[in-house]
Amino acid sequence: MLAAMANRPQIRRHHHITLCSGGAQEDYDFHTKVLSLKSVKKTALYDGDVPIYHLYYGNDLGEESTLVTTFPMRQSGRKARRGTGQVRILSLSVPESALAFWRKRLTTHGFAVREASRFGERALQFQHPCGLDYELVGIADDARKPYSNGEVPAELAIRGTHGIVVSVREHESSNEFMTEAWSGRRVAEDGRFVRYVFGEEAGAAKPAPRTGKIVDFMLEPELPQASWTYGEGIVHHCAFQVDDLEAQDAMKFRLEGLGFTDTSERKDRGYFDSIYVRTPAGALFEATVSKPGGMTVDELPDQLGGAFQIPPPFRHRSQELMGYLEPLRY
Ligand SMILES: [Fe+2]
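If you're wondering where the values come from, they're calculated on a predicted model, not measured in any experiment.

Conventions and cut-offs
- Residues numbered from 1 in each chain as written.
- Predicted model: local features only at pLDDT ≥ 70, side-chain atom pairs only at ≥ 80, totals over all residues.
- Heavy atoms only, no water.
- Helix = DSSP H or I, 4+ residues; strand = E, 2+ residues; numbered from the N terminus.
- Rg over C-alpha atoms; globule rule 2.2 N^0.38 Å.
- Buried < 20%, exposed > 50% of the residue type's maximum accessible area, 1.4 Å probe, protein only.
- Areas by Shrake-Rupley, 256 points an atom, 1.4 Å probe, with all protein chains shown as cover.
- Lys, Arg positive; Asp, Glu negative; His and termini not counted.
- Charge placed at Lys NZ, Arg CZ, Asp CG, Glu CD.
- Core = buried A, V, L, I, M, F, W, Y, C linked by side-chain atoms within 4.5 Å.
- Contact = heavy atoms within 4.5 Å.
- Donors = N, O, S within 2.8 Å, 3.2 Å for Na, K, Ca; no water.
- Pairing = 2+ DSSP bridges.
- Salt bridge = Lys/Arg side-chain N within 4 Å of Asp/Glu carboxyl O.
- Axes fitted to C-alpha atoms, helices over the stretch in contact; angles between N-to-C directions.
- Parallel < 35°, antiparallel > 145°, perpendicular 65-115°, else oblique.
- Left-handed = near helix turned anticlockwise from the far one by under 90°.
- Nonpolar A, V, L, I, M, F, W, Y, C, P; charged D, E, K, R; others polar.

(A) Highlighting the overall build of the protein. Broken down by element type, the protein carries 6 helices and 16 strands. Compactness check: the protein gives a C-alpha radius of gyration of 19 Å against a globular reference of 20 Å for 330 residues, within 12% of the reference. For the protein, the spread of C-alpha atoms along the three principal axes comes to 55 × 45 × 40 Å. Across the 330 residues of the protein, 58% fall into the buried class. As displayed, the protein offers around 14,300 Å² of accessible surface, 51% of which is attributable to carbon and sulfur atoms. Across the protein, the mean location of the 40 positive side-chain charges is 3 Å away from that of the 44 negative side-chain charges.

Rendered as structure tokens:
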């Protein structure tokens, strides 16, 4: 019992980030044609009674920490209010040497690009066509395999998530959550930003590369609370990888034991199992365990994303579902 108590559950890295975007075609073209990510799964949101696409983008196999997933909300007519208390920026990792290429590529595609720097890292900031904030961060030592067959050559391609930026009105309650519950380590401050990383012991002789394991908090006390509902134009949640179902259970107990009782039961998401927690900052976090096979549980590895996958809650209404969802060319 005491030994088990000593083993605190660990977050390893990002698993996926999920955004509420605009039109399905606009979202698909942005991620596959501009950002050159692979469409690894086309399915629908498992929750609710009105079908909404769920589109997954990532590397060849849609591995953990390469996944960006979206709920295109325009068909529903539901708009979100942006503000604080939400994930505000999605940071994706590209080779440092590829930043000039990406600046030109994004500009050619009509995106306004702004250069920024945070914690000594150079970034290109731009917006998804629906207004969500993205940035490409130049990283020299990211060993993750990118999509090998996209419009952008692999040596220049996006490696996966680098970090997220959560907008907050104050830092203290998030600091308690991140260090006591979510197993993060506060490693740096830069102006109104505070950085946390995962999978790193304090004082480790040679820290592992941090990309894909970062959460930054950005102080924005003047803004109103952003929406929590599904609505166009906000990040819905960020998912983080834990080792196995036992670690996921342990994280749930840890969260609830500390008083973070807005923690869900385990939900079967088809490709992974998830628990969700509403963090003190307001942003929704998820602790996630991939199922054996991950994205390949219903499609062969070389056919990932090739066909729409009817989600189990809608199987008895598949014709109705396909008749309702807006057309998507791919
Ligand atoms: Fe998720």
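(B) Representation of the nonpolar core. Core analysis: the largest hydrophobic core is formed by 66 residues, its most contacted members being Leu35, Tyr134, Val166, Trp182 and Phe285. With residues near it in sequence (within four places) discarded, Leu35 still touches Phe30, Leu92, Trp102, Leu106, Phe126, Tyr134 and Ile158. In terms of nonpolar packing, the next biggest core, distinct from the first, is built from 8 residues, Val40, Tyr46, Tyr56 and Leu304 among them.

(C) Fine view of helix H2 (residues 24-34). Across the 11 residues that make up H2, a large majority, 8, are buried. The set of residues buried in H2 consists of Ala24, Gln25, Asp27, Tyr28, Phe30, His31, Thr32 and Val34. One or two residues past the end of H2 sits Ser36, with phi positive at roughly 60°.

(D) Structural context of the coordination of the iron ion. Those protein atoms acting as donors to the iron ion are His16 (NE2), His237 (NE2) and Glu286 (OE), and they sit at 2.0 to 2.1 Å. Along the chain, the residues donating to the iron ion are arranged with the sequence spacing H-x220-H-x48-E. Here His16, found in strand S1 (residues 13-21), pairs with His237, found in strand S13 (residues 234-241); they are 221 residues apart in sequence, far enough to count as distant. Neither residue differs from the other here; His16 and His237 are each classed as buried.

(E) Geometry of the pairing of strand S9 (residues 160-168). Among the 9 residues that make up S9, 9 are buried, leaving the element largely enclosed by the rest of the structure. Where strand S5 (residues 86-95) and S9 come together, 7 bridges link them in antiparallel fashion. Note on S9: the bridge partner recorded for Ser91 is Gly163. Where S9 and strand S12 (residues 214-219) come together, 6 bridges link them in parallel fashion. Residue pairing across strands places Val166 opposite Phe217, the latter belonging to S12.

(F) Structural context of unusual backbone geometry. At Ser36, a residue that is not glycine, the phi angle is positive and equals roughly 60°. By secondary structure assignment, the location of Ser36 is in the loop between H2 and strand S2 (38-44). The phi angle at Ser183 is positive, at roughly 60°, despite the residue not being glycine. If you trace the backbone, Ser183 turns up in the loop between helix H4 (172-181) and strand S10 (185-190). For Ser183, a relative accessible area of 11% gives the class buried.

(G) Molecular detail of the sheet that holds strand S16 (residues 284-290). The strand order S2-S3-S4-S1-S13-S16-S15-S14 describes an open sheet built from 8 strands, whose pairing is mixed. The two strands at the open ends of the sheet, each matched to only one other strand, are S2 and strand S14 (267-268). As defined by bridge partners, S1 adjoins S13 across 7 bridges and the pair is classed as antiparallel. Of the residues in S13, the one forming a bridge with His16 is Ala239.

(H) Structural context of the pattern of salt bridges. As enumerated under the stated definition, the model contains 26 salt bridges in all. Here Lys79 ties to Glu232 by a salt bridge, and the two come within 3.9 Å at their closest N and O atoms. Taken together, the residues span a long stretch of sequence, with Lys79 in the loop between strand S4 (67-72) and S5 and Glu232 in the loop between S12 and S13 at a distance of 153 residues. Note on Glu232: relative accessible area 7%, which makes it buried. For Arg186, the salt bridge is made with Glu189, and the minimal N-O distance between the two is 2.8 Å. What makes Glu189 exposed here is its relative accessible area of 56%. Because the salt bridges share partners, they merge into one network encompassing Arg118, Glu121, Glu135, Arg195 and Asp216.

(I) Structural detail: the packing of H4 against helix H5 (residues 245-258). Following both chains from N to C, one finds H4 and H5 inclined at 140°, their axes separated by 11 Å at the closest point. The pairing of H4 with H5 is recorded here as oblique in orientation. Classified by chirality, the crossing of H5 by H4 is right-handed. Every residue of H5 that contacts H4 at Phe177, Glu180 and Ala181 is listed here: Met251, Arg254, Leu255 and Leu258. Considering only residue class, the contact of H4 with H5 consists of 5 nonpolar, no polar and 2 charged.

(J) The arrangement of the pairing of S4 in detail. Burial analysis of S4 places 6 of its 6 residues in the buried class, the great majority of the element. Neither face of S4 is exposed, since Leu67, Thr69 and Phe71 on one face and Val68, Thr70 and Pro72 on the opposite face are all buried. Across 6 bridges, the pairing between S1 and S4 is parallel. By the bridge assignment, Cys20 is partnered in S4 with Phe71. Relative to S4, strand S3 (residues 53-58) runs antiparallel, the two being bridged by 3 bridges. Directly across from Leu55, in S4, lies its bridge partner Thr70.

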